[in-house]
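Each chain, letter by letter, is given below.
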Amino acid sequence: MRSRAGAGKNRAWGQAWPTVCWPGKRGVRMIQYIVTQSMSRERTIYGIAVINDCVELDRLPDIAMTLEDATRLAALLQTHGVAAEHFRDVVEDHLLE
């Protein structure tokens, strides 16, 4: 699924990505991992989305029970420069630890 991350508020997730998306800006592009948040009937759900050049490449919407856990995992992915095509495998391995 691809969507324009900077194209306004995404009601399904309850957030947009104004700090990671600069449409039309030229220069170096890099993969960015951001935490997503949505509500279920019982709880708040935290996930991670992969963004490149204002385009959502992939997302895992329900991977952490807390904002801190999702933020920590997104930071690890970003710090280690995990390629978008390996995103799901790396997250799966991390969650199985």
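Here the structure is shown first, and the text comes after it.
Residues numbered from 1 in each chain as written. Predicted model: local features only at pLDDT ≥ 70, side-chain atom pairs only at ≥ 80, totals over all residues. Heavy atoms only, no water.

Chemist: Would you explain the sheet that holds strand E1 (residues 32-39) in this entry?
Modeler: In space, the three strands of this open sheet follow the order E1-E2-E3, with antiparallel pairing throughout. Whereas interior strands pair on both sides, the edge strands pair on one side only; in this sheet they are E1 and strand E3 (55-64). Across the sheet, the mean angle separating the axes of adjacent strands is 30° when strand polarity is ignored. As defined by bridge partners, E1 adjoins strand E2 (residues 44-52) across eight bridges and the pair is classed as antiparallel. Residue pairing for E2: Gln-37 is matched across the bridge by Tyr-46. Along the sheet, helix H1 (residues 67-79) contacts E1, E2 and E3; its crossing angle with E1, the most-contacted strand, is approximately 160°. Sheet contacts for helix H2 (residues 87-96): E1, E2 and E3; angle to E3, the most-contacted strand, approximately 15°. (Pairing = 2+ DSSP bridges. Helix = DSSP H or I, 4+ residues; strand = E, 2+ residues; numbered from the N terminus. Axes fitted to C-alpha atoms, helices over the stretch in contact; angles between N-to-C directions. Contact = heavy atoms within 4.5 Å.)

Chemist: What am I meant to see in H1 here?
Modeler: Given 3.6 residues per turn, any residue in an α-helix points the same way as the ones three and four places further on. Between its first and last C-alpha, H1 extends 18 Å over 13 residues, near the 18 Å set by a 1.5 Å rise per residue. Within the sequence span of H1, burial applies to Ala-70, Leu-73, Ala-74 and Leu-77. Take H1 and look down its axis: the buried residues cluster within an arc of 100°, on one side only. With respect to the buried face of H1, the exposed residues turned more than 90 degrees away are Arg-72 and Thr-79. Buried residues belonging to H1 abut E1, E2, E3 and H2. Gly-81 occupies a position one or two residues after H1 and carries a positive phi of about 60°. (Expected span 1.5 Å × (residues − 1). Buried < 20%, exposed > 50% of the residue type's maximum accessible area, 1.4 Å probe, protein only. Arc of directions from axis to C-beta.)

Chemist: What should I look at first to understand a negative patch on the surface in this one?
Modeler: A cluster of acidic side chains, namely Asp-89, Glu-92, Asp-93 and Glu-97, defines a negative patch on the protein surface. Relative to the elements of secondary structure, Asp-93 occurs in helix H2. (Patch = residues over 30% accessible without salt bridge, like charges linked within 9 Å, V, L, I, M, F, W, Y side chains within 5 Å. Areas by Shrake-Rupley, 256 points an atom, 1.4 Å probe, with all protein chains shown as cover. Salt bridge = Lys/Arg side-chain N within 4 Å of Asp/Glu carboxyl O. Lys, Arg positive; Asp, Glu negative; His and termini not counted. Charge placed at Lys NZ, Arg CZ, Asp CG, Glu CD.)

Chemist: What am I meant to see in the nonpolar core here?
Modeler: Grouped burial of nonpolar side chains is what soluble globular proteins tend to show. Grouped together as the largest cluster of nonpolar side chains are 16 residues, with contacts concentrated most on Tyr-33, Ile-48, Ile-63, Leu-73, Leu-77, Phe-87 and Val-91. Counting only elements with at least two residues in this core, the list comes to E1, E2, E3, H1 and H2. The element best represented in this core is H1, accounting for four residues. Aside from chain neighbours lying at most four places away, what touches Phe-87 is Tyr-33, Ile-48, Val-50, Asp-58, Arg-59, Leu-60, Leu-77 and Val-82. (Core = buried A, V, L, I, M, F, W, Y, C linked by side-chain atoms within 4.5 Å.)

Chemist: Is there a simple way to explain the packing of H1 against H2 in this structure?
Modeler: Any two packed helices are characterised by how steeply their axes cross, that is the angle between the axes, and by the distance between the axes. At their nearest, the axes of H1 and H2 sit 12 Å apart, and the two run at 130° to each other. One finds that H1 runs oblique with respect to H2. Between H1 and H2 the crossing geometry is right-handed. Each of Leu-73, Leu-76 and Leu-77 in H1 lies in contact with H2, whose residues at this interface are Phe-87, Val-90, Val-91 and His-94. (Parallel < 35°, antiparallel > 145°, perpendicular 65-115°, else oblique. Left-handed = near helix turned anticlockwise from the far one by under 90°.)

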